[in-house]
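Observations on the model geometry
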Amino acid sequence: MSQDRLIVLKEWPFNAEPPLKQLIEHPITPVDLVYARNHGPIEHLIAQKFKVKVDGLVEHEAEYTLADIQKKFPKVEVVAAMHCAGNRRRIMQDKKDKPVEGVLWGQALIANVRWGGVRLRDLLLAAGICDPPGKEGTMYACFASHVTTCEEDDWYGSSVPLEKVLSEDGDALLAYEMNGKLLWPEHGFPFRVIVPGYIGARWVKWVDQITVAHRESENFYQQKDYKVLPPEVQTKEQAEQYWSRLPPILANPVNSVIASVGLCDGELIVKGYAVGGPAGPIRAVSVSIDGGLSWIPARIKYQEGRWSWTLWEATISLLDGSVECHGIVYSRAEDTSGNTQPKDTDWNLRGVGYQGYGEIRF
Ligand SMILES: Nc1nc2c(c(=O)[nH]1)N[C@H]1C(S)=C(S)[C@@H](COP(=O)(O)O)O[C@H]1N2
Ligand SMILES: [Mo]
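Only a predicted model underlies this, so the values are computations on that prediction, with no experimental measurement involved.

1. Examining the state of the cysteines
- In total, this model carries zero disulfides according to the counting rule given.
- With no disulfide of its own, Cys142 lies 14 Å from the sulfur of Cys130, the closest cysteine sulfur.
- For Cys142, a relative accessible area of 6% puts it in the buried group.
- Summary of cysteine pairing: Cys150 is not part of a disulfide, and the nearest cysteine sulfur, belonging to Cys84, is at 14 Å.
- Classification of Cys150 by relative accessible area gives buried; the value is 15%.

2. So, the pattern of salt bridges
- If you walk through the whole model with that rule in mind, you get 16 salt bridges.
- Across the salt bridge formed by Glu304 and Arg114, the nearest N and O atoms sit 3.1 Å from each other. Taken together, the positions of Glu304 in the loop between strand S17 (299-302) and strand S18 (310-317) and Arg114 in strand S6 (residues 110-119) put the pair 190 residues apart, joining distant regions of the chain.
- Taking relative accessible area as the criterion, Glu304 reaches 25% and is therefore assigned partly exposed.
- Through salt bridges with shared partners, a single ionic network connects Arg299, Lys301 and Glu313.

3. Here's the deal with the UniProt feature "domain: Moybdenum cofactor oxidoreductase dimerisation" (unreviewed entry) in the protein
- Under the present numbering, the feature "domain: Moybdenum cofactor oxidoreductase dimerisation" (unreviewed entry) in UniProt falls on residues 255-352.
- Split by type, residues 255-352 is 0% helix and 49% strand. Its first and last C-alpha atoms lie 13 Å apart.

Analysis parameters
- Residues numbered from 1 in each chain as written.
- Chains lettered and ligands numbered in written order.
- Predicted model: local features only at pLDDT ≥ 70, side-chain atom pairs only at ≥ 80, totals over all residues.
- Heavy atoms only, no water.
- Disulfide = S-S within 2.5 Å.
- Buried < 20%, exposed > 50% of the residue type's maximum accessible area, 1.4 Å probe, protein only.
- Salt bridge = Lys/Arg side-chain N within 4 Å of Asp/Glu carboxyl O.
- Helix = DSSP H or I, 4+ residues; strand = E, 2+ residues; numbered from the N terminus.
- UniProt positions renumbered as here; feature names shortened; annotations may be inferred.

Here is the structure:
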C-alpha cells in the first residue's frame, strides 16, 4: 500500500492528488492513484473490533462488524466516480485572480472505482424505518465517523436525503471493497459510504454510525463548509452569517477537464475526462479552438453504467483553416438531462463547485 505516486499538497492532514495525465490512462482508477482528501488523521483500524451501528428512526438498532456485514447481506458492485467539490479550486483562483481558502487542488480530484459492499437500502430495510406520526418533511440518512477528531470538529459526518439511499437505483453503498480488494486504511477500512453522483464530502470514511433522522447531520462539514458562498462573502467572519442560510452541496455539477493536448501531422489530439451528477450520465463532450464559437464533437472512449466518469478524446485538424485558432482548447460536457458547463463560474471563498469549460493552452 503506497501513495507514492500522488502529489502531496498538504502533509497534515494528508491531502494529495494524482498526476492528471497518469490518472486518465486508466478507465478504472488503480487504488494507488486515488486522491487522498482528509480533514483529520488517517486511521488504521482493526476490523474484528470495529462496528458500524444503525440507529435513529429505525425499529431495530443493529451493530455489525465487517464479517457480520459480509455474512448477512448480498455483496453488490457499483462503478462510480468519487469527485471532491474542491476539484479545480486552483483554476478558480487563477482565473479570477483572487485567493480562495483551502488546499489549492488541481484538476485530478476524482477517482473512478469499482466499489463493492452492501446496499445502504438493504441495511436500512433490515433495520425497519419508522416514520413517527406528526413529523413531516424530508428524512435523512446521517453518516458519522467518531474514530478521530478533524480540523474543524470532533468527528466527521455528513447526511443525504433518505430517498437517495432508499431508491433502488440510487446505488448508495456501505462499501468495504475498492476494485475487488478490501478498502485501504487511507480510504476508510473497514467501511465507507458511497453515494454515487454526490460530492465526495458525503462519502464518510471509517463510518461507525448510520442514523435515520428528521434532520441533517450536525457536523461542521455538513452545516458549514461544502456550501457555495455568494461572491460578496470575502472573509471567514462574514461567512459565519451565511452558513445556516445556504443549502449543502449534494450533487456535483457537470464538468469536464482537459488532461493533455498533442500535435501530430497537423492534427491536435486532445484528451480528458468528464463527469456528471445525479441528473444523468454524460451524453456528449465537445471541444473548441476558436474561443467557443464553433465546437467539434469528441469521441467517448469509456463509460460504464450510470455513475462512472467519461473518458474522451478529440482530433482537430489545423490544416483545413476553416476555424481561427486561438492557441487554447476548451472542452464542454453535456449530461443526458441537457445540463452543460458555463464558460466560467463565479468566485466563492472556499473555491468549491468550479465547473467552467475545461481548458488547456498549446
Ligand atoms: N471520516 C472522513 N471521511 C471523509 C473525509 C474525512 O476527512 N474524514 N473527507 C471527505 C472528502 S471531502 C472526500 S472528497 C472523500 C475523499 O476520500 P478519499 O480520501 O478516499 O479519496 O472522503 C470524504 N470522507
Ligand atoms: Mo472533498
